[in-house]
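Working through the structure, step by step
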Amino acid sequence: MLEIRSARKTFYKGQADEKVALDALDLTLQTGEFGVVIGSNGAGKSTMLNAISGAMPLDSGHILINGDDVTNTPVHKRAMRIARVFQDPMLGTAASMTVAENMLLAELRSKSRTFARGLNAKRLSDYKERLSMLGLGLEDRLDTRVELLSGGQRQSLSLIMAVGGSPDLLLLDEHTAALDPRTADLVLNATIRAVDALKLTTLMVTHNMQHAVDYGNRVIMLDAGKVKLQIGDDEKTNITVATLVDHFSVKSDAMLLGA
Amino acid sequence: MMEFISSTFTSYVALFPVTLAQSLILAFVVMGIMIPFRTLHFPDLTSEGAYPLGGCVCGMLIAAGVNPALAIIAALLCGFAAGCCTAFIHLRFRIHTLLAGILMMTMLYSINLRIMGKSNLSIFGTGSVFDWAPFVTPGFPASKIIIAGIIGAGVFLALNWFFKTERGTAMRAVGANPAMAEAQGISVWVSTIGGVGLASAFSATSGALMVQSQGFADVNMGLGILINGLAALMIGEAIVGKHSVFRQLLAPFVGAIIYYQLVSLCLAAGMPPPDLKLATGLFVLAMLALPSLKRGRGGAPAREKFRE
Ligand SMILES: Nc1ncnc2c1ncn2[C@@H]1O[C@H](COP(=O)(O)OP(=O)(O)OP(=O)(O)O)[C@@H](O)[C@H]1O
Ligand SMILES: [Mg+2]
C-alpha cells in the first residue's frame, strides 16, 4: 500500500519564478491496485513519482509504503521496495554493461550483494527465459552491451528488470512515450500482463486517455500539484475518453473565465 | 646514419630489463588511474599525490627498520585513505572531481613533506621486497621483474574476480549510470568512495615499490605521473581494447610495458629528458583529439561522459 500525506514541493521558493509542483497532495493506493495518473503538462506527475522514489526530497509531508514512513529514506534504500521505469530509455539501464549484467543489477535490487560470482549459469538461464517472453530476441543477446540496443529494446529490458522480484510498488512515468507506436504497444502489453500476473501495486503516468480508460482500476487526475479527480473501480468501467477530456476542458474553461 | 641506428639500438637493448622492471612497478599507478577514469567515470588526479605518499610512507618506515612488506601495506592503506578523501570531497560538497583531486594532491604535498621531514630520503642498502625473489641474485633487474610481475598478476586476477562478483558489478554500475545504480538499490557513496580509495591504494603501492626499487624517496617523485599513466593507459586500450572487464584490466599492464619501452627508445635515440613531458603531453592530446579530427571540422561531441 502507498500513502502520500499532504506532500508539498516548491521549486525556486521565494524567487520570482516560484513554482508549486506538489500542493498538499494526498493519495492512497491499496495493495494490488493499478492507478493510472493523468494530467496536463506541469501538473506535477513526475514530481510526485520522484518524491515517491526518493529522487526528489519533499518540502513537507509524508510518504508511507506498506505502513512504513520512508520520507527520509535515501533512494537506494527505498529501491528495496520500489521499481521504476523512466520515460527516457537511456536512464533505466547501464549502457556500457551487458544485457545480462543489467538483469543481474535489477535482480539484486532488493537483496544484499555478496562477493559471490554475479552471473552464474542458473541466473543466465533464468534471464534467458524471462527475456524470451518479450519476443524481441533479447534472450540471444545476453552478452550484448545495452548501448547497442534500440530504444524500444532498452525500454523493454527496463520493464523486465523492473517487474522482476515483484517490487512492493512499480512506478512508470510515460514509459512508452519515447517509442514508436508498434514498440509502444508491445511494451505496454508486456506491462499490463506483468502487472496482472504479479498483482503489482502500480502507478502509471500517461498522456494517452485511451490507455487511462482501458487499463488499471483507478484513474487519478492531477492538476496544479493536487489530485483533482479520482475515478475508482465501479465508475471506471463506464468512463470514456470523452469524459476524461471533458475534465481537462473544464479546467481550461475555468482558466479562461478567470483570466 | 647506420651508426646512429646501431648505437640507439645497443643502448636501448641494454636498458630493456631495467625499463621492464620500472614499467611493471608503474603499471600499478596506471591501474590506479584506469579505475576512476574508466570504471567509475570519475576523472581523478589523486594519483599524483598518492604515488609520492606511498613512497614517503614506505621510505620512512623502512628507514625506521620496519619489514619492507609491512611498509608496502602501510603505504597502501594511506593511499586508500587519500582516495576516500577525494571521493568524499566530491560527494559531500559537490565539488568537481578534478578540483577535488587537485585539492587533495596539493594538500598531500605538505603531508608528504611532514611525513619525511625533508624533501628526500635515502634508504639505499636496506632490505627490500625484491630481495625475496626466487632463483636470482638480489639487486638485478630480474629480481624486480619477478616480484613486481607476481604482485601484478595477483592484482590482475583479484580485480578480474572482484569486478564479476555481485558487489563488483554494482560498483561498475555506479560508473556506468549513477542514477540507475541508485534506483537499483546501490549506494553511490559506498561504491565511489570504495572505488576511488582502491585506485589510490594502487597508486600508493606503486610509489612504495618504486622507492624500494630505486633506494630513495622524494616528495617530487609524483610530478607528471598522471599524464604518463594516462598515455600508458591509452596505448594499452588501443592494443587490447576496453569492452570487457578482462580487457579493461589488462590494458594498464600492457600499456605501461609498451609506453615505458617507447620512452626508453626515445631517450636512447638522444631525445633530451627535459623534453619528455612535452612529448608525452602532445601524445595524450593527440590521442584525445583523434576522434574529433576524424569527424572533420565543427568540433566533436564530448568524447567521454563524466560525472560532474
Ligand atoms: N527539477 C526541477 N526544477 C525546477 N522546476 C521543476 C523541476 N521539476 C519540475 N519542475 C516544475 O514543477 C512543475 C511540475 O513538473 P512535473 O515534471 O512534475 O510535471 P508533469 O506533470 O510530469 O508534466 P509532463 O506531463 O510535462 O511530464 C512544473 O511546473 C515544472 O516546471
Ligand atoms: Mg513528467
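Anything mentioned here points back to the structure above.
Everything numeric here is computed off the predicted structure, so don't read it as measured data. (Residues numbered from 1 in each chain as written. Chains lettered and ligands numbered in written order. Predicted model: local features only at pLDDT ≥ 70, side-chain atom pairs only at ≥ 80, totals over all residues. Heavy atoms only, no water.)

Here's the deal with helix H3 (residues 68–93) of chain B
Residue and element names in this part refer to chain B. Inclusion rule: For the purposes of this entry, the term helix denotes a DSSP run of H or I that reaches at least four residues, the term strand denotes a run of E that reaches at least two, and both are numbered from the N terminus. To estimate the expected span of a helix, subtract one from its residue number and multiply by 1.5 Å. Definition of a polar contact: a pair of N or O atoms within 3.5 Å, with one able to donate and the other able to accept a hydrogen when the atoms are protein atoms, and with sequence-neighbouring residues admitted only if both atoms are side-chain atoms.
With 26 residues, H3 extends 38 Å between its outermost C-alpha atoms, agreeing within 8% with the 38 Å of an ideal straight helix rising 1.5 Å per residue. Two to three positions downstream of the cap, the backbone nitrogen of Ala-69 sits 2.7 Å from a side-chain oxygen, assigning the N-cap of H3 to Asn-67. The positive-phi residue at the C-terminal boundary of H3 is Arg-94, with phi of around 50°.

Quick look at a nonpolar patch on the surface
Condition: What makes a patch is a set of residues exposed beyond 30% relative accessible area and free of salt bridges, joined within 9 Å when like-charged and within 5 Å when nonpolar (Val, Leu, Ile, Met, Phe, Trp, Tyr). For every accessible area listed, the method is Shrake-Rupley and the probe measures 1.4 Å; residues are considered covered only by the protein chains on display. We define a salt bridge as a contact between a side-chain nitrogen of Lys or Arg and a carboxyl oxygen of Asp or Glu at a distance within 4 Å.
A contiguous nonpolar surface patch, about 410 Å² in accessible area, is contributed by Leu-99, Ile-102, Leu-103, Met-107 and Ile-111 of chain B. Residue position: Leu-103 of chain B is located in helix H4 (residues 97–116).

Observations regarding the site of ligand 1
Residue and element names in this part refer to chain A. For clarity, the cut-off: Being near a molecule or strand, for a residue, comes down to having at least one heavy atom within 4 Å of it.
Near ligand 1 there are 14 residues, and of these Asn-41, Lys-45, Ser-46, Thr-47 and His-207 occur at the shortest range. Here Gly-42 contributes a backbone N or O atom positioned 2.9 Å from an oxygen atom of ligand 1. Interatomic distance of 3.2 Å between a backbone N/O atom of Ala-43 and an oxygen atom of ligand 1. Considered on its own, ligand 1 offers 630 Å² of accessible surface; in the complex 68% of this is hidden by protein. Looking at the shell around ligand 1, the elements with two or more residues in it are strand E2 (19–29) and helix H1 (45–53). The greatest single-element share of the shell around ligand 1, amounting to three residues, is contributed by H1.

Focus on the sheet that holds strand E5 (residues 68–69) of chain A
One key point about sheets: their strands pair by backbone hydrogen bonds, in either a parallel or an antiparallel sense. Residue and element names in this part refer to chain A. Worth spelling out the cut-off: Pairing between strands is defined by DSSP: at least two bridges between them are needed. Any pair of residues with heavy atoms lying within 4.5 Å of one another is described as a contacting pair. Note on definitions: angles span 0 to 180 degrees between N-to-C directions of axes, and those axes are lines fitted to C-alpha atoms, for helices only across the stretch in contact.
Strand order in the open sheet made by the four strands is E2-E1-E4-E5, with antiparallel pairing throughout. The two strands at the open ends of the sheet, each matched to only one other strand, are E2 and E5. Where strand E4 (residues 60–65) and E5 come together, two bridges link them in antiparallel fashion. When the bridges of E5 are listed, Leu-64 appears paired with Asp-69. The strands that H1 touches are strand E1 (2–11), E2 and E4; relative to E2, the one it contacts most, it runs at about 65°.

Overview of the sheet that holds strand E9 (residues 218–223) of chain A
All names here are of chain A. Across the sheet, which stays open at both edges, the six strands sit in the order E6-E7-E8-E3-E9-E10 with mixed pairing between neighbours. At either end of the open sheet lies a strand with only one pairing partner, and these are strand E6 (82–85) and strand E10 (226–231). The mean inter-strand angle of the sheet, taken between neighbouring strand axes irrespective of direction, is 20°. Where helix H5 (residues 151–163) meets the sheet, its contacts fall on E6 and strand E7 (169–173), and the angle it forms with E6 comes to roughly 170°.

Some thoughts on the interface of chain B and chain A
Applied cut-off: A quick way to say it: buried area is the sum, across both parts, of accessible area lost when two parts are put together, with a 1.4 Å probe.
Each side of the interface is counted separately: chain B has 20 residues, and chain A has 29 residues. Summed over both sides, the interface of chain B with chain A buries roughly 2200 Å², with 58% coming from carbon and sulfur. Among the residues of chain B in contact with chain A, Glu-166, Met-180 and Gln-184 of chain B are the three that bury the most area, contributing 31% of the side total. A salt bridge links Arg-123 of chain A to Glu-166 of chain B, with the nearest nitrogen and oxygen atoms 3.0 Å apart.

Describing the packing of helix H1 (residues 2–39) of chain B against helix H9 (residues 225–240) of chain B
Residue and element names in this part refer to chain B. Here is the rule we go by: Oblique is the label for any angle not covered by the other classes, which are roughly parallel (under 35 degrees), roughly antiparallel (over 145) and roughly perpendicular (65 to 115). Gly counts as polar in this scheme, as do all residues outside two lists: the nonpolar Ala, Val, Leu, Ile, Met, Phe, Trp, Tyr, Cys and Pro, and the charged Asp, Glu, Lys and Arg.
Packing of H1 against H9 leaves a shortest axis separation of 9 Å and a crossing angle of 80°. Viewed along their axes, H1 and H9 adopt a mutual orientation that is roughly perpendicular. In this structure, H1 uses Leu-26, Val-29, Val-30, Ile-33, Met-34, Phe-37 and Arg-38 to contact H9, whose residues at the interface are Ile-225, Leu-226, Gly-229, Leu-230, Ala-232, Leu-233 and Glu-237. When the residues that make up the contact of H1 with H9 are grouped by side-chain class, the tally is 11 nonpolar, one polar and two charged.

Brief notes about the pattern of salt bridges
Selection rule: Burial classification: accessible surface area is computed with a 1.4 Å probe over protein chains only, and a residue below 20% of its type maximum counts as buried, one above 50% as exposed, and the rest as partly exposed.
One pass over the full model with this rule turns up 14 salt bridges over all chains. When the shortest N-O distance is used, the salt bridge between Glu-147 of chain A and Arg-145 of chain A registers 2.3 Å. Given the relative accessible area of 38%, Glu-147 of chain A is considered partly exposed. Judged by its relative accessible area of 18%, Arg-145 of chain A falls in the buried class. Residues Glu-237 of chain B and Arg-38 of chain B are paired through a salt bridge, measuring 2.7 Å at the closest nitrogen-oxygen approach. Of this pair, Glu-237 of chain B sits in helix H9 while Arg-38 of chain B sits in helix H1, and the two are 199 residues apart along the sequence. The exposure class of Arg-38 of chain B is buried, given its relative accessible area of 12%. Salt bridges here are not isolated pairs; linked through shared partners, they connect Glu-107, Lys-111 and Arg-123 of chain A together with Glu-166 of chain B.

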